[in-house]
Amino acid sequence: MSLNQALPLLVLASSLLPGLLIFTLPEERHLTRSVLNLAGALIKLALVMWMLWGVYNQQIYEARLPFIPGLELVFRVGPLALFFVILSSGLWLFTTVYAIGYLEGSPNRSRFFGFFSLCVTSTVGLAMAGSLFTFLLFYEMLTLTTYPLVVHRGSEAARRAGRSYLAYTVSGGALLLVGAVWLYSLTGTLEFVPRGFVAGLDASQRPALVAIFVLLIAGLGVKAALVPLHGWLPRAMVAPAPVSALLHAVAVVKAGAFGIVRVVYEVYGVEFTSELGVAYPLAGLAAVTILYGSLRALFQDDLKRRLAFSTVSQVSYVTLGVAIVGPIATIGGLVHLVHQGVMKITLFFCAGNMAETLGVHKVSEMNGIGRRMPWTMAAFTVAAFGMIGLPPLAGFVSKWYLSVGALEAGQDWVVLLLVLSSLLNAAYFLPILHVAWFRQPDGPWPQERDFGPRETAWTLLLPPLVTAAVTVAIGLFAVAPFTPLEWAKLISTREFGSP
Amino acid sequence: VPPVHALHWDVVLILLPLAGAMLAFLFPRAGKRLALAIAVATTAVAFALARVLIDDGVQLHQVGGWAAPLGIALRTDGLSMLMLLMTAVVGLGLSFYALVWFRDEPDRGERFWPLWLLLWTALNALFLSADLFNLYVTLELLGLSAVGLAAVAGGPAAYGAAMRYLLVSLLGSMLYLLGIALLYHLCGSVDIALVAQRLSPSPAAWMALALIVTGLLLKTALFPLHFWLPPAHANAGAPVSAVLSGLVVKATFYLLLRLWLELFDSFTPQLDTLLGLLGAAAVLWGSLQALRQSRLKMLIAYSTVAQLGYLFLAFPLAAAGVNAWHGALYLVLSHAPAKAAMFLAAGNLRRHAGHDRIAELDLVAQRLPLSVAAFALAGMTVMGLPPSGGFIAKWWLLEAALGQGMWLWALVLVLGGLMSAAYVFKVVGFAFTRARGEHTACAVPLSMQWVALLLALGSVLLGLIVWPPLALLAVGDPLGLTGAGP
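Calculation notes
Residues numbered from 1 in each chain as written. Chains lettered and ligands numbered in written order. Predicted model: local features only at pLDDT ≥ 70, side-chain atom pairs only at ≥ 80, totals over all residues. Heavy atoms only, no water. Core = buried A, V, L, I, M, F, W, Y, C linked by side-chain atoms within 4.5 Å. Buried < 20%, exposed > 50% of the residue type's maximum accessible area, 1.4 Å probe, protein only. Helix = DSSP H or I, 4+ residues; strand = E, 2+ residues; numbered from the N terminus. Contact = heavy atoms within 4.5 Å. Salt bridge = Lys/Arg side-chain N within 4 Å of Asp/Glu carboxyl O. Patch = residues over 30% accessible without salt bridge, like charges linked within 9 Å, V, L, I, M, F, W, Y side chains within 5 Å. Areas by Shrake-Rupley, 256 points an atom, 1.4 Å probe, with all protein chains shown as cover. Axes fitted to C-alpha atoms, helices over the stretch in contact; angles between N-to-C directions. Parallel < 35°, antiparallel > 145°, perpendicular 65-115°, else oblique. Left-handed = near helix turned anticlockwise from the far one by under 90°. Nonpolar A, V, L, I, M, F, W, Y, C, P; charged D, E, K, R; others polar. Buried area = accessible area lost by both parts, 1.4 Å probe. Polar contact = N/O pair within 3.5 Å; in protein donor to acceptor, adjacent residues only side chain to side chain. Phe/Tyr/Trp six-rings, centres within 6.5 Å; stacked < 30°, edge-to-face > 60°. Lys NZ or Arg CZ within 6 Å of the ring centre and 35° of its normal. Lys, Arg positive; Asp, Glu negative; His and termini not counted. Expected span 1.5 Å × (residues − 1). Arc of directions from axis to C-beta. Pairing = 2+ DSSP bridges. pLDDT = per-residue confidence, 0-100.

Caption draft 1: Fine view of the nonpolar core. Ranked by internal contacts, the top residues of the largest apolar core, which has 383 residues, are Y268(A), Y176(B) and W395(B). The greatest single-element share of this core, amounting to 20 residues, is contributed by helix α9 (residues 241-268) of chain A. For Y268(A), the contacting residues outside a window of four places in its chain are R195(A), G196(A), V198(A), L209(A), I212(A), F213(A), L216(A), V263(A), T273(A) and L276(A).

Okay, structure coming up:
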């Protein structure tokens with residue numbers, strides 16, 4: 001096996017092995033665990049950067065392992081796969097730093113970090129999956145490895161949240177499985193191909209293909225939190241902040257959205273999707289989700305739940321961009337995969353900081369918090385403005401491309417939707433910023449911890465500051481090389497064959 | 001002329017555990033060390049036989065040199081070899097576990113070892129036998145030693161369950177024997193190959209088929225003949241439950257499958273559907289009952305009822321091709337270590353807390369992480385989620401169902417998977433929480449936890465390494481894939 005074939009496997013191993021080792025570590029081996037975690041994250045990032053350079057220069061990294069007769073495990077790293085891999089491995093590094101600080105002194109850290117690494121492995125595996133079968137394996141593994149993190153705190157509420165999480169995700173996995181097997185029985189292959197591989201089937205198979213599309217999208221829609229399959233996400237917020245930040249704001253929901261991108265572009269092909277007449281309903285579903293999530297977010301007092309409903313809404317921008325069926329909208333949807341991840345993880349980091357430092361969990365407790373934690377709130381503010389879509393932040397770029405793409409595709413209603421959504425975003429974020437910066441504190445904070453001269457531990461503060469800075473940078477310099485926007489354009493031309 | 005080897009590993013595979021059983025009975029104090037040595041040796045011999053099989057193909061051996069109609073024939077093909085290996089690997093793990101389990105109660109241990117080795121003998125002989133009457137003898141030996149093992153735990157619950165088990169087992173064997181007698185009358189032989197040549201559909205042959213199938217279904221505990229299984233499996237000690245649920249019910253399924261493929265395959269398509277429907281009912285009913293249980297061991301026992309149901313879904317699905325049999329056999333193979341691991345993990349949890357009430361598990365994910373991990377990893381096979389042997393099995397079954405447009409069976413597969421996820425994670429969820437009130441917590445030896453975990457990892461590994469078992473299974477073409485027949 002050549003090095004180029006081995007690279008995808010090495011990327012997997014760089015989080016799998018540390019994870020397995022961490023399971024065996026006794027609780028008090030704090031330093032060893034942190035070193036293993038950070039080393040894994042840095043090695044993964046280095047390997048990914050290597051592949052980034054290769055892929056930029058037209059290299060494709062591919063590994064095939066024999067699995068069962070007729071089906072191989074296929075890992076193929078092209079521009080699209082790399083997009084998601086970079087997002088997850090980059091944010092994994094920040095989240096690891098954050099989690100080390102966040103969980104300091106709490107029990108069961110070996111278990112936590114072990115499963116955390118396995119989750120990242122699953123995410124990266126499904127990102128690199130070169131076939132729907134491989135994707136499915138890692139998709140299910142992601143379900144299983146997140147569960148212990150949801151119930152990590154061991155409270156009754158956590159157990160119930162875990163149960164609801166599984167009820168949704170295991171059912172979703174089952175739908176995806178049935179869809180995949182059915183598709184396989186028709187086509188005899190499940191490998192992702194640019195522009196899809198089902199268009200050549202006999203016309204009599206069309207009803208079956210529509211049914212399979214519904215099954216696949218429903219299975220993926222559970223993780224992507226498409227309404228009405230979103231119910232698990234707000235409930236899963238009982239998990240510790242790093243889990244909410246990386247997994248429930250980025251990895252898990254994006255796994256669903258990423259899967260939808262793969263199915264539309266590389267299983268069905270975007271032209272065939274619209275020919276089948278399933279693109280419109282998908283866009284409609286995404287639109288409903290965008291509005292519904294924002295509306296529900298308005299009425300949440302619990303900060304993490306408000307952010308969770310905001311995630312429900314924002315992740316569907318990706319689906320919307322895909323379902324509009326046009327090259328520019330595609331770029332908008334794809335770029336939001338990264339933009340939303342960076343912004344939302346910042347918000348969750350900040351929410352975790354407030355909970356950890358001051359015991360503040362609710363918006364109604366946040367009066368005057370900007371004076372007590374200026375840096376945290378500054379990062380929060382930047383990310384919130386980005387979510388609303390203020391120029392020149394990352395969110396604006398996504399919304400701009402989505403709007404222009406919709407107009408180009410003749411779907412003017414999307415512009416109205418985006419304006420409405422931005423107004424709603426403002427309606428649920430601006431009050432938070434208002435109370436935090438312009439109100440006087442009510443009195444002592446619910447549960448204040450002392451961190452000396454700094455507002456909180458540096459491990460907690462650094463990650464959101466960096467990701468907030470990234471939010472500004474990828475918006476401001478959106479057209480510089482290697483930004484998410486430029487990479488999304490590269491994907492659009494190279495993998496989807498758009499002009 | 002059959003190939004001659006210096007050592008007939010197949011004969012050794014029967015004689016070794018048999019000698020061990022007798023010695024353990026005669027010298028009870030040395031029983032456990034002796035039994036362990038025998039277990040290691042038997043496993044080694046099973047692998048040696050597999051080696052021979054891969055090199056030279058099917059092994060046919062006439063014991064004492066007497067040819068088929070008169071003598072006893074032993075036949076090893078890929079299917080029987082897989083079963084032998086499964087028994088060896090799970091049996092070895094169980095032997096190590098039992099060594100520690102019975103440390104505190106040596107008198108029970110003294111009763112356990114001879115019975116366990118006798119049961120192992122019966123299993124090996126059953127997988128190797130090529131004639132119907134010998135199969136009856138092994139079946140009877142298997143049933144009696146299994147009942148004896150079920151009674152080892154002692155106490156009214158175990159004795160009651162063992163008694164019921166005994167009656168069911170005897171009834172099952174009797175039905176089987178009646179069927180064999182009819183076949184002998186029809187064909188003048190009990191050699192499977194000869195009977196297969198001479199048998200043609202007739203009312204008497206139908207009767208024989210009905211008797212044999214009913215007897216074996218009773219012993220395999222297919223719904224609605226499963227009533228005896230949950231109490232018998234749940235009230236035994238952990239290593240015994242693991243043997244009964246992991247291995248014993250598989251042996252009778254193997255026998256049924258073997259006779260089905262070689263004798264009755266062409267008889268009737270309606271019976272396929274009937275078996276499939278019973279299997280579907282078993283999947284749904286067993287899963288539902290498992291979900292309703294408040295005691296861990298009862299939950300696992302009902303899960304066995306459900307998992308056995310999956311095996312019978314293969315009968316209606318197999319018409320189109322090979323995938324369905326592969327699926328069923330792969331489930332047999334991976335369910336054995338998985339279910340053994342589950343029962344052993346349950347034994348650990350019970351020893352830790354002194355009870356096995358699921359809702360009162362007390363932070364066991366922290367206190368016995370290895371056992372909970374074993375339960376959860378084994379659960380992946382039961383749920384059919386990747387990576388696990390159960391997932392591969394389910395993929396094949398689902399492929400067979402959807403490929404033929406048989407939606408009913410696909411629906412059963414999916415519903416069964418969802419329900420099993422519900423009951424597995426019911427246990428895992430409570431493993432993370434704190435129980436109300438104070439509980440005693442006893443230490444559990446690490447070795448017992450590791451055996452459970454290793455067996456569970458075995459079932460996961462089967463989901464990653466699929467080619468070698470498949471290649472072995474193809475030796476001698478026991479599933480009749482190439483059209484030549486077995």
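Caption draft 2: Layout of the pattern of salt bridges. Counted according to the given criterion, the structure contains 24 salt bridges over all chains. E62(A) is the partner of R76(A) in a salt bridge, and the nearest nitrogen-oxygen pair spans 2.7 Å. Of this pair, R76(A) sits in strand β2 (residues 71-77) while E62(A) sits in strand β1 (residues 61-68), and the two are 14 residues apart along the sequence. When the shortest N-O distance is used, the salt bridge between D356(B) and R295(B) registers 3.0 Å. In this pair, D356(B) is assigned in the loop between α13 (323-353) and α14 (364-367) and R295(B) in the loop between α11 (269-292) and α12 (296-317), connecting sequence segments 61 residues apart.

Caption draft 3: Expanded view of a nonpolar patch on the surface. Together, L16(A), L17(A), L20(A) and F23(A) line one region of the surface with nonpolar side chains, adding up to about 330 Å² of accessible area. Take F23(A): it is sitting in helix α1 (residues 3-24).

Caption draft 4: Expanded view of the packing of α13(B) against helix α15 (residues 369-383) of chain B. All names here are of chain B. Between α13 and α15, the least distance of the axes is 8 Å, while the angle of their chain directions is 150 degrees. Overall, the two elements α13 and α15 adopt an arrangement that is roughly antiparallel. Judged by the sense of rotation from one axis to the other, the crossing of α13 with α15 is left-handed. Contact residues: S334, H335, A338, K339, A341, M342, A345 and N348 in α13; S371, A374, F375, A378, G379, T381 and V382 in α15. Its residues assigned to classes, the contact of α13 with α15 comprises 8 nonpolar, 6 polar and 1 charged.

Caption draft 5: The interface of chain B and chain A, seen in detail. Contacts between the two partners involve 31 residues from chain B, matched on the other side by 31 residues from chain A. Between chain B and chain A lies a buried interface of about 2,800 Å² when both sides are counted; carbon and sulfur atoms form 83% of it. A per-residue breakdown of the area chain B buries against chain A is headed by W395(B), F432(B) and W467(B), which together make up 25% of the total. For the pair chain B and chain A, the number of links is 2 residue pairs in polar contact (both at pLDDT 80 or more). Those elements that provide at least two residues to the side of chain B that touches chain A are α14, α16 (389-403), α17 (407-432) and α19 (467-473) of chain B.

Caption draft 6: Representation of the packing of α13(B) against helix α18 (residues 446-461) of chain B within the structure. Residue and element names in this part refer to chain B. At a closest axis distance of 8 Å, the pairing of α13 and α18 adopts a crossing angle of 155 degrees. By the criterion of interaxial angle, the relationship of α13 to α18 is roughly antiparallel. For α13 against α18, the interelement crossing comes out left-handed. In contact with S334, P337, A338, A340, A341, L344, A345, N348 and R351 of α13, α18 contributes M448, Q449, V451, A452, L455, A456 and S459. Looking at the contact of α13 with α18, its residues break down into 11 nonpolar, 4 polar and 1 charged.

Caption draft 7: How the structure looks around the environment of T32(A). Residues and elements named next belong to chain A. Residue placement: T32 occurs in helix α2 (residues 30-56). For T32, a relative accessible area of 28% puts it in the partly exposed group. Sequence separation between T32 and D412 is 380 residues; the distance between their C-alpha atoms is 56 Å.

Caption draft 8: Just the packing of aromatic side chains, in detail. Scanning all chains against the criterion turns up 41 aromatic pairs over all chains. For the ring pair F112(A) and F113(A), a centre distance of 5.4 Å and an interplane angle of 85 degrees mean the geometry is edge-to-face. Residues F112(A) and F113(A) agree in their burial class; the two are buried. An aromatic cluster of three or more residues is present, and its members are F67(A), F133(A), Y184(A), F391(B) and W395(B). Here R159(A) stacks its cationic end above the ring of F430(B), 3.8 Å away from the centre of that ring. A cation sits over an aromatic face here: K223(A) above Y139(A), 3.6 Å from the ring centre.

Caption draft 9: The side chain of E399(B), seen in detail. Following the sequence through the fold, E399(B) ends up in helix α16. No salt bridge is formed by the buried E399(B). Its closest oppositely charged neighbour is K394(B), at 14 Å. Ignoring any residue separated from it by four or fewer positions in sequence, one finds E399(B) in contact with V181(A), Y184(A) and N323(B).

Caption draft 10: Spotlight on helix α1 (residues 9-26) of chain B. Residue and element names in this part refer to chain B. Compared with the 26 Å implied by 1.5 Å per residue over 18 residues, the 25 Å span of α1 between its first and last C-alpha is a close match. Among the residues making up α1, those that are buried are D10, L13, I14, P17, G20, A21 and A24. With its buried residues spanning 135 degrees around the axis, α1 presents them on a single face. For α1, the exposed residues lying more than 90 degrees away from the buried face are M22 and L26. Here the buried face of α1 lies against α2 (31-56), β1 (59-63), β2 (72-76), α3 (78-101) and α4 (106-128).

Caption draft 11: Spatial organisation of the environment of K223(A). All names here are of chain A. If you trace the backbone, K223 turns up in helix α7 (residues 206-223). Linking K223 and A251, residues 28 residues apart in sequence, is a C-alpha distance of 9.6 Å. Not counting the four nearest positions on each side in its chain, K223 is found in contact with Y139, L142, T143, T169, W232, V252, V253 and G256.

Caption draft 12: Seen up close, the pairing of β1(A). Relative to β2(A), β1(A) runs antiparallel, the two sharing 7 bridges. Across the sheet, residue R64(A) finds its bridge partner in β2(A), namely V74(A).

Caption draft 13: Molecular detail of the confidence of the model for chain B. A residue-level look at chain B finds 95% of positions with pLDDT of 70 or above and a mean pLDDT of 90. Both scores are available for the predicted complex, with the pTM at 0.94 and the ipTM at 0.93.

Caption draft 14: Spotlight on unusual backbone geometry. The residue after V227(A), namely P228(A), is reached through a cis peptide bond having omega 5 degrees. In this structure, P228(A) sits in the loop between α7 and α8 (232-235). In this model, P391(A) is joined to P392(A) through a cis peptide bond whose omega is 5 degrees. Structurally, P392(A) is set in the loop between α15 (374-388) and α16 (394-408). In this model, L363(B) sits at a positive phi of 50 degrees, which is unusual for a non-glycine residue. Relative to the helices and strands, L363(B) is located in the loop between α13 and α14. L363(B) gets classed as buried once you look at its relative accessible area, which sits at 8%. Residues other than glycine seldom take positive phi values, yet D477(B) does so here, at roughly 50 degrees. Among the structural elements, D477(B) can be located in the segment after α19.

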